[in-house]
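Residues per chain are reported as follows:
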Amino acid sequence: AADGRPLPGCMGIHHDGFASEMRELVQAVHQAGGALCLQLSHGGGQARSALCGGQPLAPSAVQVKQYPEHPREMTREDIERTVAAFASAARRARDYGFDAVQLLAGHGYLINQFLSPHTNRRQDEYGGDLEGRSRFLREVLSEVKNAVGADFPVLVKLNGSDNLEGGLGIDEAVMVARWLDSAGVAAIEVSGGTPASGARSPVRPASESGGEIAYNAVYSRVIKQQVQCPVMVVGGVRSHHVASGLLRTGQADYISISRPLVREPDLPKIWEKGGGSEKSTCISCNGCFKTALKGAFSCVVPA
């Protein structure tokens with residue numbers, strides 16, 4: 001929905017005005033032999049009024065560090081409208097030719113805000129214990145699956161931990177993952193952190209030694225033991241050696257990579273040809289995110 005826009009330059013699929021551009025993107029990826037999954041998200045309390053057209057919405061009207069402004073607590077009508085918006089967006093993605101959709105239930109965005117006791121202080125059926133706090137995610141997933149049909153993959157990106165005092169932790173994340181698995185998600189991508197998590201945020205810079213961290217594998221290995229669906233892990237993986245090691249030791253079924261691909265889009269092909277010694281030259285400085293805010297997503301480190 002338009003009221004969930006967190007940052008300038010974000011892609012939108014909340015109406016059909018972007019249909020031609022979306023179809024052009026899908027066609028380009030398919031012609032190159034790739035598949036394309038669209039991530040569906042709502043900023044919730046991490047949105048900004050200047051971008052979303054009004055006071056940001058959140059599960060509860062609390063002022064926490066991860067929110068840039070004081071949000072308004074969502075009414076049940078707001079919740080119903082937002083659940084429907086997720087479903088409509090997923091239907092558009094299917095109609096435009098995307099191969100899958102992913103619900104962002106991590107990184108402090110709206111679904112994660114409902115899951116986390118740090119941001120969800122509601123006293124109704126959408127708050128309280130984990131059953132209540134997970135209700136919004138369960139309703140979104142159910143409506144999305146109804147909208148796209150049983151043969152269209154729906155993935156979920158889930159925080160293994162908010163890395164935040166009073167936030168969602170691994171024990172509750174495992175319970176959510178088990179429910180997602182039983183609900184038929186195509187895969188669970190494990191991440192962690194929020195903008196308020198300091199050094200344990202979702203986009204951490206490289207360690208001082210320059211070594212790799214694979215910092216969310218500690219959560220993915222636990223979740224993988226509890227579910228049957230494929231488990232993906234993201235964060236701090238910059239070499240073929242580390243990626244293959246995570247797979248070989250059963251800590252994940254698939255590896256997700258983001259920032260290294262901004263610098264080297266062909267990195268997977270390089271690894272495929274070069275074996276296990278190839279390492280990305282990305283230093284995870286996060287400079288690419290700053291360029292994204294200015295409308296041009298690119299690496300800032302000289303080649």
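Residues numbered from 1 in each chain as written. Predicted model: local features only at pLDDT ≥ 70, side-chain atom pairs only at ≥ 80, totals over all residues. Heavy atoms only, no water.

Moving on, we come to the overall build of the protein. For the protein, the count of helices and strands is twelve helices and eight strands. Over its C-alpha trace the protein gives a radius of gyration of 19 Å, about what one expects of a compact globule, namely 19 Å for 303 residues. Over its C-alpha atoms, taken along the principal directions, the protein stretches across nearly 55 × 45 × 40 Å. As displayed, the protein offers around 14100 Å² of accessible surface, 52% of which is attributable to carbon and sulfur atoms. Taking the average location of the 31 positive side-chain charges in the protein and that of its 31 negative ones, the two points are 5 Å from each other. (Helix = DSSP H or I, 4+ residues; strand = E, 2+ residues; numbered from the N terminus. Rg over C-alpha atoms; globule rule 2.2 N^0.38 Å. Areas by Shrake-Rupley, 256 points an atom, 1.4 Å probe, with all protein chains shown as cover. Lys, Arg positive; Asp, Glu negative; His and termini not counted. Charge placed at Lys NZ, Arg CZ, Asp CG, Glu CD.)

Our next topic: the side chain of asparagine 120. Here asparagine 120 shows up in the loop between helix 4 (110–115) and helix 5 (130–133). Engagement of the side chain of asparagine 120 in a polar contact is seen with the backbone nitrogen of arginine 122, the distance being 3.0 Å. Polar side-chain contacts of asparagine 120 include one of 2.8 Å to the backbone oxygen of tyrosine 126. When near neighbours in sequence (up to four residues on either side) are disregarded, asparagine 120 contacts Pro59, Ser60, Gln113, Phe114, Tyr126, Gly127 and Arg133. (Polar contact = N/O pair within 3.5 Å; in protein donor to acceptor, adjacent residues only side chain to side chain. Contact = heavy atoms within 4.5 Å.)

Further remarks concern the sheet that holds strand 6 (residues 187–191). Strand order in the open sheet made by the six strands is 1-4-5-6-7-8, with parallel pairing throughout. Only two strands of the sheet have a single neighbouring strand rather than two, namely strand 1 (37–40) and strand 8 (254–256). Neighbour-to-neighbour, the strand axes of this sheet turn through a mean angle of 25°, independent of strand direction. Pairing analysis gives three bridges linking strand 6 to strand 7 (residues 231–234), with the strands arranged parallel. (Pairing = 2+ DSSP bridges. Axes fitted to C-alpha atoms, helices over the stretch in contact; angles between N-to-C directions.)

One turn of an α-helix holds 3.6 residues; hence residues three or four places apart share an orientation. When the terminal C-alpha atoms of helix 7 (residues 170–182) are compared, their 18 Å separation across 13 residues agrees well with the 18 Å that a helix rising 1.5 Å per residue should span. Residues of helix 7 that are buried sit in contact with helix 4, helix 5, helix 6 (135–148), strand 5 (154–159), strand 6 and helix 8 (217–224). Backbone geometry just after helix 7 places glycine 184 at a positive phi near 90°. (Expected span 1.5 Å × (residues − 1).)

The subject of this paragraph is helix 3 (residues 76–96). The end-to-end C-alpha distance of helix 3 is 30 Å, a good match for the 30 Å that 21 residues give at a rise of 1.5 Å each. Taken as a whole, helix 3 has its buried residues at Asp78, Ile79, Thr82, Val83, Phe86, Ala87, Ala89, Ala90, Arg92, Ala93 and Tyr96. Directly after helix 3, the chain includes glycine 97, whose backbone phi takes a positive value near 105°. (Buried < 20%, exposed > 50% of the residue type's maximum accessible area, 1.4 Å probe, protein only.)

The next point concerns the pattern of salt bridges. All told, the structure shown has ten salt bridges when counted by the stated rule. The salt bridge partner of aspartate 3 is arginine 81, with a shortest N-O separation of 2.8 Å. With aspartate 3 in the segment before helix 1 (19–31) and arginine 81 in helix 3, this residue pair connects regions lying 78 residues apart in the sequence. For arginine 72, the salt bridge is made with aspartate 78, and the minimal N-O distance between the two is 2.8 Å. Given a relative accessible area of 8%, aspartate 78 falls into the buried group. What you see here is one network of salt bridges that share partners, running through Asp3, Arg72, Asp78 and Arg81. (Salt bridge = Lys/Arg side-chain N within 4 Å of Asp/Glu carboxyl O.)

With that settled, consider a nonpolar patch on the surface. The grouping of Val203, Phe289 and Phe297 at the surface amounts to a nonpolar patch, some 250 Å² of accessible area in total. Structurally, valine 203 can be placed in the loop between strand 6 and helix 8. (Patch = residues over 30% accessible without salt bridge, like charges linked within 9 Å, V, L, I, M, F, W, Y side chains within 5 Å.)

Once that is clear, we can look at the packing of aromatic side chains. One pass over the structure, following the stated rule, counts three aromatic pairs. A ring pair is formed by phenylalanine 86 and phenylalanine 136, whose centres lie 6.4 Å apart and whose planes are at 75°; its orientation type is edge-to-face. Placement of phenylalanine 86 in helix 3 and of phenylalanine 136 in helix 6 is noted, with a sequence separation of 50 residues between them. Neither phenylalanine 86 nor phenylalanine 136 differs from the other in exposure class; each is buried. Look at phenylalanine 114 and phenylalanine 136: their rings are 4.3 Å apart centre to centre, the planes differ by 15°, and that puts the pair in the stacked class. One end of the pair, phenylalanine 114, is in helix 4; the other, phenylalanine 136, is in helix 6, and 22 residues separate them in sequence. We classify phenylalanine 114 as buried; its relative accessible area is 0%. Aromatic rings pair up to connect Phe86, Phe114, Tyr126 and Phe136 into one cluster. Against the face of tryptophan 179 rests arginine 138, its NZ or CZ located 6.0 Å from the ring centre. (Phe/Tyr/Trp six-rings, centres within 6.5 Å; stacked < 30°, edge-to-face > 60°. Lys NZ or Arg CZ within 6 Å of the ring centre and 35° of its normal.)

On to the nonpolar core. Counting residues in hydrophobic clusters, the biggest one holds 50 residues, and the most contacted among them are Leu40, Val101, Leu103, Phe136, Leu158, Leu180 and Ile188. Of the residues forming this core, the biggest block, seven residues, is contributed by helix 3. Discounting residues that sit within four places of it in the chain, phenylalanine 136 has contacts with Ile79, Thr82, Val83, Phe86, Leu110, Ile111, Phe114 and Tyr126. Formed by nine residues, the second largest nonpolar core is a distinct cluster that contains Ala214, Ala217, Val233 and Val237. (Core = buried A, V, L, I, M, F, W, Y, C linked by side-chain atoms within 4.5 Å.)

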